[in-house]
Amino acid sequence: MALLTETGLMELHIFDDPVLMRLGPVPITETMVTSAIVTVVLIGLGAVMGSRVRSGRSDLLSTLALMTVESFDRLVEDIVGRRQTVVATIAATFFLFIAGCNLAGQLPGVHPATGSLATTSALAVLVFFSVPIAGIWSNGLWGYLKHYFRPNPLLMPLHVISELSRTLAMSVRLFGNIMSGHLVVGLLVALAGFLVPTPMMALDLLIGLLQAYIFAILSTVYIGAAMSVGEE
């Protein structure tokens, strides 16, 4: 939407996110820039940690990389019942991106990308499309689609509505938790200065990491359930 500023100029907002520039017809918002920077940083760290693991080094970065991979492999194994490298990669990607955005939001002047409904909606849509893709990949097209008609074909619309509603719930839950925590910390900083709300900032960071973990778990549960429909 467009807002009229004090100078009389039109300032464009998308999802209440200010547009910083344009690349042709494509508007570039603050959230897009923050997301891009977090993505680049994560890719860079991943490349460095991967090279250290492949070289056989036993330092902090390689140990942290191995622990991260092993933890998500075990998470997927506990939920799905077997190790699935692709699912573990998806879950880890969601966790690291959301955690990175929440961590960046603790920096002065940086609005967390996950505090925008556009970002959380995009993440939820990725989960929404990953579910049928994983189900069809594991069970075949009809093997996956027929679960929509169980136990009664009349319930098929309810299955579809359920998948749509949980996608909306994932988006709104993540947005609400991150945005509310960020607003509370910002209000305390404005009223009490920097040092007083420092414990709240630490709590906000902890909540951000917890929300990233919850999102990763939920995505794994939904994808794992789609992969297991043929075993029912």
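This text goes with the structure placed above it.
Structural notes, computed from the coordinates. Bear in mind the structure is a predicted one, so any value in this text is a computation, not a measurement. (Residues numbered from 1 in each chain as written. Predicted model: local features only at pLDDT ≥ 70, side-chain atom pairs only at ≥ 80, totals over all residues. Heavy atoms only, no water.)

### Comments concerning the packing of aromatic side chains
- Counted according to the given criterion, the structure contains 6 aromatic pairs.
- Between the aromatic rings of tyrosine 144 and tyrosine 148, the centroid separation amounts to 5.7 Å while the plane-to-plane angle is 90°, which identifies the pairing as edge-to-face.
- Through successive ring pairs, a cluster of aromatic residues spans Phe72, Phe95 and Tyr213.
- Arginine 166 extends its terminal NZ or CZ atom over the ring of tyrosine 222, reaching a point 4.1 Å from the ring centre. (Phe/Tyr/Trp six-rings, centres within 6.5 Å; stacked < 30°, edge-to-face > 60°. Lys NZ or Arg CZ within 6 Å of the ring centre and 35° of its normal.)

### Description of the layout of surface pockets
- Computed from the structure, the largest pocket encloses a volume of approximately 1100 Å³.
- Sort the elements by how many residues they give to the lining of the largest pocket and helix H3 (residues 85-104) lands first, with 12 residues.
- Partitioning the lining of the largest pocket into residue classes produces 25 nonpolar, 9 polar and 1 charged. (1 Å grid on protein atoms, 1.4 Å probe; cavity = no way out; pocket = protein on both sides within 12 Å on 5 of 7 lines; lining within 4 Å. Points joined across faces, edges and corners; volume = space filled by probe spheres on them. Helix = DSSP H or I, 4+ residues; strand = E, 2+ residues; numbered from the N terminus. Nonpolar A, V, L, I, M, F, W, Y, C, P; charged D, E, K, R; others polar.)

### Overview of the nonpolar core
- In terms of nonpolar packing, the biggest core is built from 35 residues, with Phe72, Ile98, Leu123, Val127, Val131 and Phe215 touching the most fellow members.
- Mapped by element, the contributors of at least two residues to this core are helix H2 (60-80), H3, helix H4 (117-139), helix H6 (156-192) and helix H7 (198-227).
- Element by element, the count of residues in this core is highest for H3, at 11 residues.
- Setting aside chain neighbours within four positions, we find phenylalanine 72 in contact with Ala88, Ala91, Ala92, Phe95 and Ala216. (Core = buried A, V, L, I, M, F, W, Y, C linked by side-chain atoms within 4.5 Å. Buried < 20%, exposed > 50% of the residue type's maximum accessible area, 1.4 Å probe, protein only. Contact = heavy atoms within 4.5 Å.)

Just geometry here; none of it tells us what the structure is for.
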